[in-house]
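Residue strings, one per chain:
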Amino acid sequence: MDKKEARKKSKEARKQLSQEEIEDKSLAIANQLLRMNIWDKLYYHLFLTIEEQKEINTEYILQILAGKDKEIVISKCEFATLGMTHFLLTDNTKIKKNSYNVPEPVDGLEVPDAKIDVVFVPLLAYDKQGNRVGYGKGFYDNFLSKCKPETIKIGLSFFPPEEKIDDVSENDVKLDFCVTDSQIFEF
């Protein structure tokens, strides 16, 4: 299966999910994360949910991170460079949706890539080797390639992995884990 096919299949499968299924699966994914040995770190990068794309509701993970007194990092996309600027999420952070409906911080205290210990990675599909398929712009591959080697990369998905994504590029950054509502895959 190539990336284009995987994107299409995943988007179709997401469309079939009810809001209640999204909430139930999102909560189950957050509970699965609690079983992982990742909570001794300080800086956790989390994507904010694009509701229009029926993404995982990351609010549950946000609550876990806040409850564990972790430093929560969120990003703003730089479309000219396909890069991301990371900001510390605080009580004063203002969030605004960009033209693609991605909730982003307006500004704030910047956090360098090298400080981030764990990244929860959005995706449309992934395979049994840890290759992920996103929306195709390369924001996360650019970002993850700048993180320190020991940064833990965790994909979050409603669905099990594809057998194999055929058109993986050398710029694609593999996941260390992918968590679904019923399973934790390690790569």
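Coordinates for the structure precede this section.
Everything in this summary refers to the structure shown in the same document. Being a predicted model, the structure only gives us computed values, none of them experimental.

Parameters at a glance
Residues numbered from 1 in each chain as written. Predicted model: local features only at pLDDT ≥ 70, side-chain atom pairs only at ≥ 80, totals over all residues. Heavy atoms only, no water. Salt bridge = Lys/Arg side-chain N within 4 Å of Asp/Glu carboxyl O. Helix = DSSP H or I, 4+ residues; strand = E, 2+ residues; numbered from the N terminus. Buried < 20%, exposed > 50% of the residue type's maximum accessible area, 1.4 Å probe, protein only. Pairing = 2+ DSSP bridges. Right-handed = clockwise from strand over helix to strand, strands pointing away. Axes fitted to C-alpha atoms, helices over the stretch in contact; angles between N-to-C directions. Parallel < 35°, antiparallel > 145°, perpendicular 65-115°, else oblique. Left-handed = near helix turned anticlockwise from the far one by under 90°. Contact = heavy atoms within 4.5 Å. Nonpolar A, V, L, I, M, F, W, Y, C, P; charged D, E, K, R; others polar. Expected span 1.5 Å × (residues − 1). Arc of directions from axis to C-beta. Core = buried A, V, L, I, M, F, W, Y, C linked by side-chain atoms within 4.5 Å.

## Topic: the pattern of salt bridges
No. 1: One pass over the full model with this rule turns up 9 salt bridges.
No. 2: Of the charged contacts in the structure, one is a salt bridge between Lys 15 and Glu 12, with a shortest N-O distance of 3.6 Å. In this pair, Lys 15 and Glu 12 both sit in helix H1 (residues 3-15), 3 residues apart, roughly one turn of the helix.
No. 3: Lys 15 gets classed as exposed once you look at its relative accessible area, which sits at 55%.
No. 4: Ionic pairing is found between Asp 117 and Lys 148, a salt bridge with its closest N-O pair at 2.8 Å. Of this pair, Asp 117 sits in the loop between strand E5 (103-105) and strand E6 (118-121) while Lys 148 sits in the loop between helix H4 (139-146) and strand E9 (152-156), placing them 31 residues apart in sequence.
No. 5: When its relative accessible area of 21% is taken as the criterion, Lys 148 is described as partly exposed.

## Section: the pairing of strand E2 (residues 71-78)
No. 1: Across 3 bridges, strand E1 (residues 43-45) lies against E2 in parallel orientation. Counted as the bridge partner of Tyr 44 is Ile 72 from E2.
No. 2: With helix H3 (residues 59-67) bridging E1 and its parallel neighbour E2, the resulting β-α-β unit is right-handed.
No. 3: Strand direction decides the pairing type here: E2 and strand E3 (residues 83-88), joined by 6 bridges, are antiparallel.

## Examining the packing of helix H2 (residues 19-33) against H3
No. 1: In contact at an axis separation of 8 Å, H2 and H3 are set at 30 degrees when each is read in the N-to-C sense. On the basis of their axis angle, the class for H2 and H3 is roughly parallel. Like other packed secondary-structure pairs, H2 and H3 cross with a definite hand, here right-handed. Facing H2, whose interface residues are Glu 23, Ser 26, Leu 27, Ala 30 and Leu 33, H3 presents Tyr 60, Ile 61 and Ile 64.
No. 2: Classifying every residue of the contact of H2 with H3 gives 6 nonpolar, 1 polar and 1 charged.

## Some words on H2
No. 1: Helix length check: H2 (15 residues) gives 21 Å between terminal C-alpha atoms against 21 Å at 1.5 Å per residue, within 8%.
No. 2: Listed as buried for H2 are Ile 22, Ser 26, Ile 29, Ala 30, Gln 32 and Leu 33. The buried side chains of H2 occupy one side of the element, clustering within an arc of 155 degrees when seen end-on.
No. 3: Looking at the buried positions of H2, the neighbouring elements they touch are H3, E6, E9, strand E10 (177-179) and strand E11 (184-186).

## Describing the nonpolar core
No. 1: Grouped together as the largest cluster of nonpolar side chains are 45 residues, with contacts concentrated most on Leu 33, Phe 120, Ile 154 and Leu 156.
No. 2: If sequence neighbours within four positions are ignored, Leu 156 has contacts with Ile 29, Leu 33, Phe 47, Ile 56, Ile 61, Phe 120, Val 121, Leu 123, Cys 178 and Val 179.

## Some words on the pairing of E9
No. 1: Most of E9 is tucked away: 5 of the 5 residues are buried.
No. 2: Across the two faces of E9 the burial is the same, with Ile 152, Ile 154 and Leu 156 and Lys 153 and Gly 155 all buried.
No. 3: With 4 bridges connecting them, E6 and E9 associate as parallel partners. Residue pairing for E9: Val 118 is matched across the bridge by Ile 152.

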